[in-house]
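Descriptive analysis of the structure
Spelled out, the chains give:
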Amino acid sequence: MGKPPPPAGRQHRITKPKIMNIIILLFRSRDYWITSCDCSNSLLCQVSSLVFIRILVEYTTMNANTANTISNIPFVSTAFYEREKALWQDSWIMAARESDLLESGSFITLELKVIKTSIAIIRDGKGNLHGYHNICPHRNGRLFCDRQGKRAAIVCRFHGWSFTLGGECQAIPEAQLFPGLGKQDVRLASISVDVWGGFVFINLQANPKHPLADYLHGLPSGLDAFLAGSQWDWYT
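Structure report, in brief. Fair warning: this is a prediction, and the values are worked out from it, not measured in the lab.

Bringing the overall build of the protein chain into the picture now. Along the protein chain, the regular secondary structure elements total six helices and 12 strands. Across the 236 residues in the protein chain, those meeting the buried criterion constitute 39%. Carbon and sulfur atoms provide 55% of the accessible area of the protein chain, an area that totals close to 14,000 Å².

Set out below in structure tokens:
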């Protein structure tokens, strides 16, 4: 008969070299997660696995100098899961290629299921990219229901409130029902958008702690121009 499983929370002794082997195994298994899961957006699987590895590396580093152990807590702890979700709130997340958003009104949506958030990215008539929480400020109706498409304006299907591509409110049906509320008082909830290497990144904070350039600090010089100038097959 096999050995019974250890009780929850038990520390399993492991040497420092084995910690790195586990991390390498996680990176290799990432490709399996992407191809085998039933998620509608494989990019999110990749990002999610990298976020998890980032936490796991930090966790094992903090504990390696004390007991040379790696715990099963990251896999079962609710508190650890909440900490993992918090990373999504102020991290730069790769969302699309600029080639997905070439024309005015072109948009994509992104479902961040781990934090139950829907995001829309759209290009305005001046060529600027904007990111919004995919909800109407009136009654939290979904503004974009398609994965990708093109819009001349952003109109909520629920009550018909409409917004410019830049996020300003341009029409409130039956405005007399909202005394004291003007169009200038309402706009879409913005997030940060930036571009590097032809890739569009988002950050859920309107004013992130670190700009994208700092977040990607240390990448080889010239890689930005190389990726931006090449034609790539882009799968999501």
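Moving on to the pattern of salt bridges. Counted under the stated rule, the structure contains five salt bridges. Here Arg123 makes a salt bridge to Glu98, at a shortest N to O gap of 3.6 Å. Residue Arg123 is found in strand β5 (residues 117-123), and its partner Glu98 is found in the loop between β3 (93-97) and β4 (106-112); the two are separated by 25 residues along the sequence. With relative accessibility at 10%, the residue Arg123 sits in the buried group. Judged by its relative accessible area of 29%, Glu98 falls in the partly exposed class. For Lys150, the salt bridge is made with Glu103, and the minimal N-O distance between the two is 2.7 Å. Placement of the pair is Lys150 in strand β7 (residues 148-150) and Glu103 in the loop between β3 and β4, with a sequence separation of 47 residues. Residue Glu103 is classed as partly exposed on the basis of its relative accessible area, which comes to 45%.

Our focus in this paragraph is the sheet that holds strand β8 (residues 154-155). Reading across the sheet, the three strands line up as β8-β9-β10 and stay open at both edges, with antiparallel pairing between neighbours. The sheet is open, and its two borders are formed by β8 and β10 (169-171), each paired with just one other strand.

Moving on, we come to the pairing of strand β6 (residues 129-133). Judged by how many residues are buried, β6 sits mostly within the fold: four of five residues are covered. One ladder, built from five bridges, connects β5 with β6; its direction is antiparallel. Looking at β6, one finds that Ala120 is bridged to Tyr132. Following β5, the chain reverses through five residues before pairing antiparallel with β6; Gly127 in that reversal takes a positive phi of roughly 90°. The sheet contact formed by β6 and strand β11 (residues 190-196) spans two bridges and is antiparallel. Bridge pairing in β11 links Tyr132 to Ser190.

A word on the state of the cysteines. All told, the structure shown has zero disulfides when counted by the stated rule. Of all cysteine sulfurs, the one in Cys156 lies closest to Cys145, which takes part in no disulfide; the gap is 8.7 Å. What makes Cys145 partly exposed here is its relative accessible area of 41%. Assessed through its relative accessible area of 3%, Cys156 is described here as buried.

Let us now look at the packing of aromatic side chains. Considering all chains together, one arrives at two aromatic pairs under this definition. Between Trp161 and Phe178 the ring centres are 5.4 Å apart and the planes differ by 90°, which places this aromatic pair in the edge-to-face class. With Trp161 in the loop between β8 and β9 (162-163) and Phe178 in the loop between β10 and β11, this pair connects stretches of sequence that are 17 residues apart. Assessed through its relative accessible area of 3%, Trp161 is described here as buried. Note that Arg97 overlies the ring of Phe199, its terminal NZ or CZ placed 4.3 Å from the centroid.

The next subject is the side chain of Asp124. Topologically, Asp124 is positioned in the loop between β5 and β6. The charged side chain of Asp124 is buried without a salt bridge, its nearest counter-charge being Lys126 at 6.7 Å. Side-chain polar atoms of Asp124 contact the backbone nitrogen of Asn128, separated by 2.8 Å. In contact with Asp124, other than residues within four places in its own chain, are Ser104, His130 and Leu165.

Strand order across the open sheet formed by seven strands is β3-β12-β11-β6-β5-β4-β7, with antiparallel pairing between neighbours. In the strand order of this sheet, the two ends are held by β3 and β7, each with one partner. Adjacent strand axes in the sheet meet at a mean angle of 30° when their direction is disregarded. Pairing analysis gives three bridges linking β4 to β7, with the strands arranged antiparallel. Bridge pairing links Ser106 to Lys150 in β7.

Thresholds, definitions, all that
- Residues numbered from 1 in each chain as written.
- Predicted model: local features only at pLDDT ≥ 70, side-chain atom pairs only at ≥ 80, totals over all residues.
- Heavy atoms only, no water.
- Helix = DSSP H or I, 4+ residues; strand = E, 2+ residues; numbered from the N terminus.
- Buried < 20%, exposed > 50% of the residue type's maximum accessible area, 1.4 Å probe, protein only.
- Areas by Shrake-Rupley, 256 points an atom, 1.4 Å probe, with all protein chains shown as cover.
- Salt bridge = Lys/Arg side-chain N within 4 Å of Asp/Glu carboxyl O.
- Pairing = 2+ DSSP bridges.
- Disulfide = S-S within 2.5 Å.
- Phe/Tyr/Trp six-rings, centres within 6.5 Å; stacked < 30°, edge-to-face > 60°.
- Lys NZ or Arg CZ within 6 Å of the ring centre and 35° of its normal.
- Lys, Arg positive; Asp, Glu negative; His and termini not counted.
- Polar contact = N/O pair within 3.5 Å; in protein donor to acceptor, adjacent residues only side chain to side chain.
- Contact = heavy atoms within 4.5 Å.
- Axes fitted to C-alpha atoms, helices over the stretch in contact; angles between N-to-C directions.

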